[in-house]
Amino acid sequence: MADPVAPTESVELAPELEVAEWIGEPTPLASLRGRVVLIETFQMLCPGCVRYGLPQAQKLHRLFPQTAVIGLHTVFEHHEVTGPDALRVFVSEFDIRFPVAIDRHDGDDPMPVTMRRYGLQGTPSTLVIDKTGRLRFGHLGAIDDLALGILLGQLHAES
């Protein structure tokens, strides 16, 4: 498992999510200014997402309500079996209680729009946005719980 580094300094606002549909309460990033936001990007057929990324996001959502958690289902493969109906069943079966955005596709490109905007290389990827709306951390793969907690604590302590 990789450990996150210190939060990076960013001067630009994180791009808004391009959402085809929400499962749960629609939660645009602009509505979360003033809160630290964690976006867990996943695909329901991704073993790392099911084993590490989503359980960590669920634990964070449950134990640290001051951090806004959003799931981003960003499908770049197996499109035919990972549609919204299957995702709704997945979210219910895995008891995911935070809002899940379905990344929008644009034309024939297999890469979803938000995934391209953030330059994501795969799933699971974790994105952390500070209280001012700036992307401060992005990581592909598993992250140690304690290291992620330290990073979030640092961002919550910022004024």
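The name recorded for the chain in an unreviewed UniProt entry is TlpA family protein disulfide reductase, from Mycolicibacter acidiphilus.

Q: Would you mind going over the environment of His73 with me for this structure?
A: Position of His73 among the secondary structure elements: in strand E3 (residues 67-73). Remark: the alpha-carbon pair of His73 and Ala101, spanning 28 residues in sequence, is separated by 6.1 Å. Here His73 is in contact with Phe42, Gln43, Met44, Thr82, Leu87, Val100, Ala101, Ile102 and Asp103, once residues within four sequence places are set aside. Polar contacts involving the side chain of His73 include one to the main-chain amide nitrogen of Met44, which spans 3.3 Å.

Q: How should I be thinking about the pattern of salt bridges in this particular structure?
A: Note on pairing: side chains with opposite charge can pair once their charged atoms come close. A full pass over the atoms with the stated rule returns twelve salt bridges. One salt bridge connects Asp109 with Arg116, and the closest N-O pair in it is separated by 3.2 Å. Given a relative accessible area of 31%, Asp109 falls into the partly exposed group. Arg116 gets classed as partly exposed once you look at its relative accessible area, which sits at 35%. With its nearest N and O atoms 2.8 Å apart, the salt bridge here joins Glu158 to Arg136. A residue pair is termed long-range when its members are at least 10 positions apart, and Glu158 in the segment after helix H4 (145-157) and Arg136 in strand E6 (residues 135-140) qualify at 22 residues. Beyond isolated ion pairs, a larger network of salt bridges with shared partners links Glu18, Arg104, Asp106, Asp109, Arg116 and Arg117.

Basis of the calculations
- The residue numbers shown here count from 1 along each chain, following its written sequence.
- Owing to the predicted nature of the model, reporting of local features is limited to residues with pLDDT of at least 70; listing and counting of side-chain atom pairs is limited to 80 or more, with chain, interface and lining totals taken over all residues.
- Side-chain calculation: all heavy atoms of the structure are included, whereas hydrogens and water are not.
- A run of H or I in DSSP becomes a helix once it reaches four residues, and a run of E becomes a strand once it reaches two; helices and strands are each numbered from the N terminus.
- Any two residues having at least one pair of non-hydrogen atoms within 4.5 Å are treated as being in contact.
- Pairs of N or O atoms are called polar contacts if they sit within 3.5 Å, as long as, within protein, a hydrogen donor faces a hydrogen acceptor (for residues adjacent in sequence, only side-chain-to-side-chain pairs).
- For this document, the term salt bridge refers to a Lys or Arg side-chain nitrogen within 4 Å of an Asp or Glu carboxyl oxygen.
- To sort residues, take the accessible area from a 1.4 Å probe on protein chains only and compare it with the maximum for the residue type: under 20% means buried, over 50% means exposed, and anything in between is partly exposed.

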